[in-house]
Each structure stands twice: as C-alpha cells, then as structure tokens.
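Given next are the chains, with one letter for each unit.
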Amino acid sequence: MVETEKIEKNLFDKNMPFNDETPYSVIYPENNKDVLEALLWANKEKIKVIPRGSMSSLSGGSKAVKDSLVIDFSKMNKIIEMDTHDLVLTVEPGTKLKDIYSEVEGSGFYFPIDSFSSYNGTAGGAAGENYQGMRFAKYSDTRLNTMQIEVVNPVHGIVTLGGKTVKNVSGYDAKIAWIGSEGTLGIFTKLMYKLLPLPEKRSIIILPFESVDEFFSFKREFDSLKVFASALDFMSNKIANYILKVDSKYSAFILIEGRELEVERLKQEILKFGKSSEAQIFEGKDFTFMYENRLSMGSRSLNDKLFADDVTLPIKSCPSFLKYLEGKNYDFLLHAQDGGMLVFRERIPLANDEIYKIVLDQKGSLIAERQLGIQPKRKLFLEKSGKVYVELMNSLKKSVDPNFILSPDRYVF
Ligand SMILES: Cc1cc2nc3c(=O)[nH]c(=O)nc-3n(C[C@H](O)[C@H](O)[C@H](O)COP(=O)(O)OP(=O)(O)OC[C@H]3O[C@@H](n4cnc5c(N)ncnc54)[C@H](O)[C@@H]3O)c2cc1C
C-alpha cells in the first residue's frame, strides 16, 4: 500500500531557484501498483500530481504545487537486473545515477550518461529531464540510451514502451516522446538502459587560453582530426576555478576515452595544437579526482547562488556569442562540440531577456539541457513553437491525462 507521510513545508533544497508550495500530501510508493493506485485516486479527485526524484532539476520541474500530490521515489531505488548478454541494465526510478554508474563500471561496462555527484540525480528525474551530462556530443542523451520504459498514466494504467533487443525498429518509438516530458505524460516506474564496453583508458587534458579566438583556432585544428572527444568544454576563468585552480582567462576541459593506443595518439595530437607546456593531464587516480571535480562544478556554482541558464547555438555562431557574454561579464561553459552552453547569472532571467532574442535570431534553442520546468522562458518557447506544435502536444497530453493532473504548467501544458 502507499505510505502517506507527514506533509512537509518547503521540501525543496534552499539552494534551488524555485521553492515548493505546500502540497496536499507526499507519498512514497514501493512498486508500480502503488503508483497506479495513487494516480487513479488523484484523477478521480482531480488532484495535481508531481513526480519527484532527488529534486535537483534547476528549472523547477519537481517543485510542489499547492495542494498537489507529490510522488517521491526514494523507496523505489533498486537495480532490478544487469543483463551482460544483451548488455542492458534495468532500474527503478528512484535509483541514483551514481549507483548505476558504480554498478555498471564495477561489472566492466560503461554507461555514458554521467552522474553529477553532489546532487544525486535519479533515473526517473534523468528521464523526466532527458539528462545528458557532459558526453552528449559523442554518446547522446538519456532518450537514445534508454531501451525500454514502464510508465503509468491514469487512462491506460501500466504501459511498457520500447524493447530489450537492439533491433526493434518498426512502429512508433513512443518512449522518445515520454523521455524529457517532465512528468506531464506519465510516471516512470522502470527504466532499461543500453550499456557499452568500458573504455580501456581515460584522460583529462586541461588547456589554458587567453581569448575566445585562440580557443576557436585550436578547435578548428581539433576538428581536422575528425574525431569526437568524450567532452570538449570551454569555460571562463571563474567556472574553471570550480574545477581546479587556474590563472588563464579561459580553459578547455577535454575528456578522451577509448583503447589505450587510441587515447595516447589523440592526446599527442591535441597537445600539438594547444600550449602543451601549460597543459595539465589527469590519468589513473588523478583522473577520478578531476572527473569528480568536473561533475560537482554545477553544485559549487549553485552554492555561490549562480543560476546556470542553458541555451544552444549553431557552432558557427558561438565565437561572437561568447564575445557578447564576455562584454556583459557573464561567466559561461560551452560544450564546444554541440553548441550547448550554460550562462551563469545571479538572477533567473525573464522571458524577454536579451540573450534569448539573440539565440532565437541565430536559430539556436532556448533549452540546451535543463528542460523548461516552470522557468519564465517557457512562455517565449511556447510563442516561438507555434500553434500547430502546441496543438499536437496537447492532443498527445489529452490522450493520456484528460484531466491535466500530471505536472501542471511544465513544458507546453
Ligand atoms: C549541479 C547540477 C548540474 C546539472 N547538470 C546537468 C547537465 O550537465 N546536463 C543535464 O541534462 N542536466 C543537468 N542538470 C539538470 C538535471 O537534468 C536534473 O537536475 C536531473 O536530471 C534531475 O534528477 P532528479 O532525480 O533530481 O529529478 P527531479 O528534479 O526530482 O525531477 C526532474 C523532472 O523529472 C520529473 N520526474 C522525476 N521522477 C519522475 C518519474 N519517476 N516519472 C516521471 N517524471 C519524473 C519531475 O517531475 C521533474 O519534472 C543539472 C542539475 C544540477 C543541480
């Protein structure tokens, strides 16, 4: 049965930009039947439902709405099965990404959606937000690394979307629409991921740069190698200093992984293009330390009350945009292989923010990696998406949640 615990005020982490309103109740289901029972009741009573992982979504996706039913997945936190023949891992939605990571790596496999350690994001939250982490350009996102989901909605009950086998190509791939839906289309109760072989060697290279142009001429040389690094991030001094102490105006954080010979060769080629005498290289135990530092960079900036807004630009527009940010004294982190970037500011921008106008003019996207949640830019996103897009999304929504109880006022609804 569903265990109802005391109603807590302001459950939300105080560092997060959006605070909870007081919910009607918080429940802690232990299985999919508990979730179904709660949804059927909420649908009958027309009570809003907010699913919640570890509450780390910076866009306010899991913020409790007044008088809503919050479904907290902390008790559904088990790894269900690791199948080393079909190379898939099945987990409950409350499983922490970092537990997934250690289970997978401990068994000699690899899951490219990295965890960001200090906020303990969960599988359900990662699916709700279509989480990617820093290796997106090479390995894509949660959507494309998920084979199958079990999802509950008040109309169809418990539904399985996707399959275990890699070759499963016919028909609509509905799970693609559900992952990234921010709790608006149903509640995930099981997720199955595709695994990869564990890379033999991993290196992090940190290179100093004194100007945006200097970095982009390095990037042109890097691109001539016709390979993807696992991550190639370019950031301003303040952001780099959340990772390690540096003096240069800008730094590049480069993650390379693969067979030992391949990594060694790529490393030498990168060092030829950058200032090799000032490069810092982290491998073995030093790699783990530096990798963890990179993962906790976001939470360190949050402790300084910096709001990391995210946008994406076509890569050719990035140099001029970064110079514009420089002129405004905004700190940034650019994922240089895909154009996704974080712009750090001390306030949550309004929908008419100048940056959004530039991004849209340059045919960029207002969401790079953090979904819309309840952010003010959601309004602008809806205007720019157009009536047909919103109508199409609305008809999908109505077919699974006719009373609009699931995660109200997130994404397009
Ligand atoms: C420091 C920091 C760094 C970050 N870096 C990145 C990054 O590099 N790339 C990136 O993509 N994102 C990043 N994020 C955002 C990240 O995607 C989310 O914070 C994370 O995935 C949410 O996980 P969570 O368990 O905390 O979920 P929550 O915040 O609790 O929920 C997130 C969303 O998923 C929904 N949800 C939760 N559980 C379920 C469920 N079982 N069924 C259906 N919906 C559910 C919620 O309603 C909400 O809309 C970062 C966040 C922080 C705080």
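What counts and how
Residues numbered from 1 in each chain as written. Predicted model: local features only at pLDDT ≥ 70, side-chain atom pairs only at ≥ 80, totals over all residues. Near = placed C-beta within 6 Å. Nonpolar A, V, L, I, M, F, W, Y, C, P; charged D, E, K, R; others polar. Domains from an automatic or database assignment. Pairing = 2+ DSSP bridges. Helix = DSSP H or I, 4+ residues; strand = E, 2+ residues; numbered from the N terminus. Axes fitted to C-alpha atoms, helices over the stretch in contact; angles between N-to-C directions. Buried ≥ 20, exposed ≤ 12 C-beta atoms within 10 Å, placed from the backbone.

What follows concerns the site of the ligand. Taken together, 36 residues are adjacent to the ligand, and G53, G61, G125, G128 and G298 come closest. Here the shell around the ligand is composed, by residue class, of 13 nonpolar, 17 polar and six charged.

Another point: the domain arrangement of the protein. Assigned domains of the protein: these are domain 1 (4–72), domain 2 (79–197) and domain 3 (201–361). A straight line from the C-alpha centre of domain 1 to that of domain 3 covers 35 Å.

Next up on the list: the sheet that holds strand β17 (residues 331–335). The seven strands are arranged β15-β12-β14-β13-β17-β18-β16 in an open sheet whose pairing can be described as antiparallel. For this open sheet the edge positions go to β15 (280–282) and β16 (307–312), each flanked by a neighbour on one side alone. Strand-to-strand twist of the sheet, defined as the mean angle between neighbouring strand axes without regard to direction, takes the value 15°. One ladder, built from five bridges, connects β17 with strand β18 (residues 340–345); its direction is antiparallel. Residue pairing across strands places D331 opposite F344, the latter belonging to β18.

The next point concerns the pairing of strand β6 (residues 88–91). Every second residue of β6 is oriented toward a common face, with V88 and T90 on one face and L89 and V91 on the other, all of them buried. Of the pairings in the sheet, the one linking strand β5 (residues 79–83) to β6 comprises four bridges and is antiparallel in character. Residue E81 lies in a different strand from β6, and its bridge partner there is T90. Bridge count for β6 against strand β10 (residues 187–194) is four bridges, and the pairing is antiparallel. Bridge pairing in β10 links V91 to L191.

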